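# Fold and contact review
Below are the chains, spelled out letter by letter.
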Amino acid sequence: QVQLVESGGRLVQAGGSLRLSCAASGRTLSTYAMGWFRQAPGKEREFVAAINWSTYYADSVKGRFTISRDNAKNTVYLQMNSLKPEDTAVYYCTADTSLWMVQTTPRYWGQGTQVTVSS
């Protein structure tokens, strides 16, 4: 069992930066592929980024967002730069033993953290 707790979401102006954190407990993080999803109001949840030994990004965030992990701290990060109003969403940390699954239907989810980008 893996527990995930996100933090770092807040209101930020367009063009600004924000770093989200995801603290994992219950299992050794290094054995899992980790990811981030988001859900905007009235829209379905969508994949944002994933990491195992490589990183993977949705086209909409490529070049602006960076996912990283610190296995010693059991923490995953999402650095978000050049934020746009359309990045406004609840951001969820995810985990799965499968890289494919962490990008599609992850087994473990955090409770989410709200990111709001004002224009």
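Okay, so let's go over this structure. (Residues numbered from 1 in each chain as written. Predicted model: local features only at pLDDT ≥ 70, side-chain atom pairs only at ≥ 80, totals over all residues. Heavy atoms only, no water.)

### Observations concerning the pattern of salt bridges
- Counted according to the given criterion, the structure contains 4 salt bridges.
- Between Arg38 and Asp87 there is a salt bridge, with its nearest N and O atoms 2.9 Å apart. Within this pair, whereas Arg38 is found in strand β4 (residues 33–39), its partner Asp87 is found in the loop between β8 (75–80) and β9 (89–96), the two being separated by 49 residues in sequence.
- Assessed through its relative accessible area of 6%, Arg38 is described here as buried. (Salt bridge = Lys/Arg side-chain N within 4 Å of Asp/Glu carboxyl O. Helix = DSSP H or I, 4+ residues; strand = E, 2+ residues; numbered from the N terminus. Buried < 20%, exposed > 50% of the residue type's maximum accessible area, 1.4 Å probe, protein only.)

### Some remarks on unusual backbone geometry
- Even without a glycine there, the phi angle at Asn74 is positive, about 55°.
- With respect to the helices and strands, the residue Asn74 is situated in the loop between β7 (65–70) and β8.
- Positive phi, normally seen in glycine, also occurs at Ser82, with a value near 50°.
- Looking at where Ser82 falls in the secondary structure, it is placed in the loop between β8 and β9.

### With respect to the side chain of Glu6
- Assignment of secondary structure puts Glu6 in strand β1 (residues 3–7).
- A polar contact of 2.8 Å, which involves the side chain of Glu6, links it to the backbone nitrogen of Cys93.
- Side-chain polar atoms of Glu6 contact the backbone nitrogen of Gly112, separated by 2.9 Å. (Polar contact = N/O pair within 3.5 Å; in protein donor to acceptor, adjacent residues only side chain to side chain.)

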